[in-house]
Amino acid sequence: QVQLVESGGGLVQAGGSLRLSCAASGRTFSYYVMGWFRQAPGKEREFVAAISRSKTYYGDSVKGRFIISRDNAKITVYLQMNSLKPEGTAVYYCAASSRLGLPVHTYEFDYWGQGTQVTVSS
């Protein structure tokens, strides 16, 4: 069982930056692929980024602006969000996947946090 708690959301102006954190529980944290998704009102949950033991990968809408990282010693995963756009307004969720490869779909992730709200004003 893995429990995930996000933090770091808030209100930011377009062009600004925020860093989200996701604190995890569990001794096997380093074995999981950790991901971030977001969900805007009325829209489906969208893949943002994920990180395995050695690779990172991103959704097309955030490539070049967002950076995902992890600290296995602190069992925490981060999402540095730069050059934020108003369309980035959403609830951001942290998730953990036990699958091999590069999971990007919601059904490939086993555990989810409660989410943190990010609002980008224009």
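Just above, that's the structure.
Keep in mind it's a predicted model, so treat the numbers as computed, not measured. (Residues numbered from 1 in each chain as written. Predicted model: local features only at pLDDT ≥ 70, side-chain atom pairs only at ≥ 80, totals over all residues. Heavy atoms only, no water.)

1. Things to note about the packing of aromatic side chains
Just so we agree on the cut-off: Pairing of aromatic side chains requires ring centres within 6.5 Å, counting the rings of Phe and Tyr and the six-membered ring of Trp. Pairs whose planes differ by under 30 degrees are stacked, by over 60 edge-to-face, and all others tilted. In this description a helix means any DSSP run of H or I spanning at least four residues, a strand means any run of E spanning at least two, and both kinds are numbered starting from the N terminus. Sitting over a ring, as applied to charges here, requires NZ of Lys or CZ of Arg to be within 6 Å of the ring centre and within 35 degrees of the ring normal.
Under the defined criterion, the tally for this structure stands at seven aromatic pairs. Between Phe37 and Trp112 the ring centres are 5.0 Å apart and the planes differ by 55°, which places this aromatic pair in the tilted class. Here the residue Phe37 occupies a position in strand 4 (residues 33–39), and Trp112 occupies one in strand 10 (residues 111–112), the gap between them amounting to 75 residues. Among the aromatic residues, those joined into a ring-pair cluster are Phe37, Phe47, Tyr57, Tyr93, Phe109 and Trp112. Geometry around Tyr93 places Arg45 over its ring, the cationic atom sitting 3.7 Å from the centre. Against the face of Trp112 rests Arg45, its NZ or CZ located 4.9 Å from the ring centre.

2. Here we look at the sheet that holds strand 8 (residues 76–81)
Note the cut-off: Whether two strands pair comes down to DSSP finding at least two bridges between them. To get an axis, a line is fitted to the C-alpha atoms, and for a helix only the part in contact is used. The angle between two axes follows their N-to-C directions and goes from 0 to 180 degrees.
With antiparallel pairing, the four strands of this open sheet are ordered in space as 1-3-8-7. Two strands close off the open sheet at either side, each with one partner strand: strand 1 (4–7) and strand 7 (66–71). On average, adjacent strands in this sheet sit at an angle of 15° to one another, irrespective of strand direction. Summarising the sheet, strand 3 (residues 18–24) and strand 8 pair through six bridges and their orientation is antiparallel.

3. Some details on unusual backbone geometry
The line we're drawing: Think of it in three bands: residues with accessible area under 20% of the maximum for their type are buried, residues over 50% are exposed, and the middle band is partly exposed, with areas taken using a 1.4 Å probe on protein chains only.
One non-glycine residue, Ile75, lies in the positive phi region at around 40°. Checked against the element boundaries, Ile75 lands in the loop between strand 7 and strand 8. A relative accessible area of 26% places Ile75 in the partly exposed class. If you check the backbone angles, Ser83 has positive phi at about 50° while not being a glycine.

4. Focus on the side chain of Glu108
We count it as follows: Asp and Glu count as negative and Lys and Arg as positive, but His and the ends of the chain are not part of the count. Salt bridges are defined as contacts in which a side-chain nitrogen from Lys or Arg sits within 4 Å of a carboxyl oxygen from Asp or Glu. The definition of a polar contact used here is a pair of N or O atoms within 3.5 Å, where within protein one atom must be able to donate a hydrogen and the other to accept one, and adjacent residues in sequence count solely through side-chain atom pairs. The contact rule is simple, with two residues in contact once any of their heavy atoms fall within 4.5 Å.
Here Glu108 lies in the loop between strand 9 (90–97) and strand 10. Buried within the structure, Glu108 lacks any salt-bridge partner; Arg99 is the closest side chain of opposite charge, at an N-O distance of 4.2 Å. Of note is the side chain of Glu108, whose polar atom sits 2.8 Å from the backbone nitrogen of Val104. Other than its neighbours up to four places away in sequence, Glu108 contacts Ser97, Arg99 and Pro103.

5. Here's the deal with the pattern of salt bridges
By the definition in use, this model includes two salt bridges. Of the charged contacts in the structure, one is a salt bridge between Arg38 and Glu46, with a shortest N-O distance of 2.8 Å. Residue Arg38 is classed as buried on the basis of its relative accessible area of 7%. With relative accessibility at 30%, the residue Glu46 sits in the partly exposed group.

6. Let's talk about the nonpolar core
To keep things clear, this is the line we draw: Nonpolar core, defined: a set of buried Ala, Val, Leu, Ile, Met, Phe, Trp, Tyr and Cys residues in which side-chain atoms within 4.5 Å join the residues together.
Membership of the largest hydrophobic core comes to 28 residues, with the highest contact counts inside it found for Met34, Trp36, Leu79, Met81 and Tyr92. Where this core is concerned, the elements lending two or more residues are strand 3, strand 4, strand 5 (46–51), strand 7, strand 8, strand 9 and strand 11 (116–121). Not counting residues within four places of it along the chain, the set of residues in contact with Met34 comprises Leu4, Phe29, Ala49, Ala50, Ile51, Ile68, Arg70, Val77, Cys94, Ala95, Ala96 and Phe109. Grouped together as the second largest cluster of nonpolar side chains are seven residues, Val33, Phe37, Ala95 and Phe109 included.

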